Amino acid sequence: MNGDRVEGAVKNMGGKLEEGFGRATGDVKSQVEGTVKQGVGAAQDLYGQARETAGDAAAAVKRQAGSLEETIRENVETRPYTAVAIALALGWFIGRLGRSY
């Protein structure tokens, strides 16, 4: 849980308290301000959730990229002739794509 989520939750709770106080006293201004604070708190909480999700996704991509690099390195070291043949085939294929007829 990051700081944005905590602040959002605190603002949301403060807004609920203010709205409840406004209802108890009949003060419409406090009710409206409490509702607005709840909305601001909810938006900040959602922003914090989005940041956490984006960070988790970036970490997963980074782990996968490292895993792919290790797999390629291992295959090149254990099967060098196969790796050279694949590289030549890919080079030939890319060269054919760029050629106009």
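Residue indices begin from 1 for each chain and proceed along its sequence in written order. The model is predicted, so local features are restricted to residues of pLDDT at least 70 and side-chain atom pairs to those at 80 or more, both for listing and for counting; the totals for chains, interfaces and linings are taken over all residues. Computation of side-chain values: all heavy atoms of the structure, hydrogens and water removed.

**With respect to helix H2 (residues 28–78)**
Starting at the N terminus, helices and strands are each numbered in turn, a helix being any DSSP run of H or I of at least four residues and a strand any DSSP run of E of at least two. By definition here, a helix of n residues has an expected span of 1.5 Å times n minus one. Taking 1.5 Å as the rise per residue, H2 with 51 residues should run 75 Å; its terminal C-alpha atoms sit 75 Å apart, in good agreement. By the burial criterion, the buried members of H2 are Ser30, Gly34, Gln38, Gly41, Gln44, Asp45 and Gly48. One side-chain oxygen at the N-terminal end of H2 lies 3.3 Å from the backbone nitrogen of Lys29; it belongs to Asp27. Relative accessibility thresholds used throughout: buried, under 20% of the residue-type maximum; exposed, over 50%; partly exposed, between the two (1.4 Å probe, protein chains only). N or O atoms within 3.5 Å of each other form a polar contact, as long as, within protein, one can give a hydrogen and the other can take it, and as long as residues adjacent in sequence are counted only when both atoms are side-chain atoms.

**Structural notes on the pattern of salt bridges**
Every case where a carboxyl oxygen of Asp or Glu lies within 4 Å of a side-chain nitrogen of Lys or Arg is listed as a salt bridge. In this structure the tally under the stated criterion is 6 salt bridges. Between Asp4 and Arg51 there is a salt bridge, with its nearest N and O atoms 2.8 Å apart. Of this pair, Asp4 sits in helix H1 (residues 3–25) while Arg51 sits in helix H2, placing them 47 residues apart in sequence. Since its relative accessible area comes to 16%, Asp4 is described here as buried. Between Arg5 and Asp45 there is a salt bridge, with its nearest N and O atoms 3.1 Å apart. With Arg5 in helix H1 and Asp45 in helix H2, this residue pair connects regions lying 40 residues apart in the sequence. Taken together, the shared-partner salt bridges in this structure form one network comprising Arg5, Asp45 and Glu52.

**Overview of the confidence of the model for the chain**
Confidence in the prediction of the chain, expressed as mean pLDDT, is 88, and 99% of residues score 70 or more. When the elements of the chain are averaged for pLDDT, H2 gives the smallest value, 88, and helix H3 (residues 80–98) the largest, 91. For every residue, the predictor assigns a confidence score, pLDDT, that lies between 0 and 100.

**Considerations on a nonpolar patch on the surface**
Here the term patch refers to residues with relative accessible area over 30% and no salt bridge, with like charges joined within 9 Å and nonpolar side chains (Val, Leu, Ile, Met, Phe, Trp, Tyr) within 5 Å. We get accessible surface area from the Shrake-Rupley algorithm with a probe of 1.4 Å; when it comes to residues, only the shown protein chains can shield them. On the surface, Ile86, Leu90, Trp92, Phe93, Ile94 and Leu97 cluster together to form a nonpolar patch covering roughly 710 Å² of accessible area. On the secondary structure map, Trp92 appears in helix H3. Taking the relative accessible area as the measure of exposure, Trp92 reaches 58% and is therefore exposed.

**Thoughts on the packing of H1 against H2**
Between N-to-C directions, angles span 0 to 180 degrees; the directions come from axes that are lines fitted to C-alpha atoms, helices contributing only their stretch in contact. The contact between H1 and H2 brings their axes to 7 Å, and the two run at 165°. Of the possible angle classes, the one that applies to H1 and H2 is roughly antiparallel. In the crossing of H1 with H2, the sense of the turn from one axis to the other is left-handed. Classifying every residue of the contact of H1 with H2 gives 3 nonpolar, 13 polar and 13 charged. Roughly parallel means an angle under 35 degrees; roughly antiparallel means over 145; roughly perpendicular covers 65 to 115; every other angle is labelled oblique. By the definition used in this description, the sense in which the near helix is turned from the far one sets the handedness, with an anticlockwise turn below a right angle giving left-handed and a clockwise turn giving right-handed. Side-chain classes follow a simple rule in which Ala, Val, Leu, Ile, Met, Phe, Trp, Tyr, Cys and Pro form the nonpolar group, Asp, Glu, Lys and Arg form the charged group, and the remainder, Gly included, forms the polar group.

**Some points on the environment of Gly3**
Tracing the backbone shows Gly3 in helix H1. Of the residues examined, Gly3 reaches a relative accessible area of 43% and is grouped as partly exposed. Along the backbone, Gly3 and Asp45 are 42 residues apart, and their C-alpha atoms lie at a distance of 9.1 Å.

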